[in-house]
Amino acid sequence: QVRLVESGGGLVQPGGSLRLSCAASGIRFSFSLINWYRQASGKQRELVATITSGGITTYTDSVKGRFTVSRDNAKNTVYLQMNSLKPEDTAVYYCQSRDGADGRRYWGQGTQVTVSS
């Protein structure tokens, strides 16, 4: 059974930090690319960050220099370190896996991040 479980969301003041985790099971984790998406209320889901199976990372422009994605293959977990948070970062954050061989994709259930004073 495939499971992707996000955690670490919450309420934080502007300028604060959070670290999200995405714990995976039932997938070939070390062969998988992992994406972090977010969806703000009333908006489309957007891709925030990606980490490949080889550890190459990419970010959407709005989070470059503030967010860092990393992975620990021994723990089947991907992290999203979010610093200097802004109110516009408020959204539900989702992780998605994509198998490097067959392309199968799976989603987590999401974790809410709220940036507000």
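Here is what the cut-offs are and how they apply
- Residues numbered from 1 in each chain as written.
- Predicted model: local features only at pLDDT ≥ 70, side-chain atom pairs only at ≥ 80, totals over all residues.
- Heavy atoms only, no water.
- Salt bridge = Lys/Arg side-chain N within 4 Å of Asp/Glu carboxyl O.
- Helix = DSSP H or I, 4+ residues; strand = E, 2+ residues; numbered from the N terminus.
- Buried < 20%, exposed > 50% of the residue type's maximum accessible area, 1.4 Å probe, protein only.
- Pairing = 2+ DSSP bridges.
- Phe/Tyr/Trp six-rings, centres within 6.5 Å; stacked < 30°, edge-to-face > 60°.
- Lys NZ or Arg CZ within 6 Å of the ring centre and 35° of its normal.

### Let's talk about the pattern of salt bridges
- Enumeration according to the criterion identifies 7 salt bridges in this entry.
- Put simply, aspartate 89 and arginine 66 hold a salt bridge, and the shortest N to O gap is 2.7 Å. One end of the pair, aspartate 89, is in the loop between strand E8 (77-82) and strand E9 (91-99); the other, arginine 66, is in the loop between strand E6 (57-59) and strand E7 (67-72), and 23 residues separate them in sequence. A single burial state applies to aspartate 89 and to arginine 66, both of which are buried.
- A salt bridge links aspartate 102 to arginine 104; the nearest nitrogen and oxygen atoms lie 3.6 Å apart.
- Arginine 104 gets classed as exposed once you look at its relative accessible area, which sits at 52%.

### Looking at the pairing of E9
- In terms of burial, E9 is largely enclosed, as 7 of its 9 residues are buried.
- With 8 bridges connecting them, strand E4 (residues 32-39) and E9 associate as antiparallel partners. In the sheet register, asparagine 35 faces E9, and the bridge partner there is glutamine 96.
- Sheet topology note: the E9/strand E11 (residues 111-115) ladder contains 3 bridges and is antiparallel. Across the sheet, residue valine 92 finds its bridge partner in E11, namely glutamine 112.

### Details of the packing of aromatic side chains
- According to the stated counting rule, one finds 2 aromatic pairs in the structure shown.
- Relative to tryptophan 107, the ring of tyrosine 37 has its centre 4.9 Å away and its plane inclined at 55 degrees; by these criteria the two rings are tilted. Separated by 70 residues along the polypeptide, tyrosine 37 in strand E4 and tryptophan 107 in strand E10 (residues 105-107) bring together distant segments of the chain.
- Assessed through its relative accessible area of 16%, tyrosine 37 is described here as buried.
- Here tyrosine 94 and tryptophan 107 contribute two aromatic rings whose centre-to-centre distance is 6.3 Å and whose plane-to-plane angle is 85 degrees, an arrangement assigned as edge-to-face. Taken together, the residues span a long stretch of sequence, with tyrosine 94 in strand E9 and tryptophan 107 in strand E10 at a distance of 13 residues.
- The exposure class of tyrosine 94 is buried, given its relative accessible area of 14%.
- Among the aromatic side chains, those forming a connected cluster through ring pairs are Tyr37, Tyr94 and Trp107.
- The residue whose ring lies beneath arginine 45 is tryptophan 107, and the NZ or CZ to ring-centre distance is 4.6 Å.
- Lying over the aromatic face of phenylalanine 29, arginine 71 brings its terminal NZ or CZ to 4.7 Å of the ring centre.

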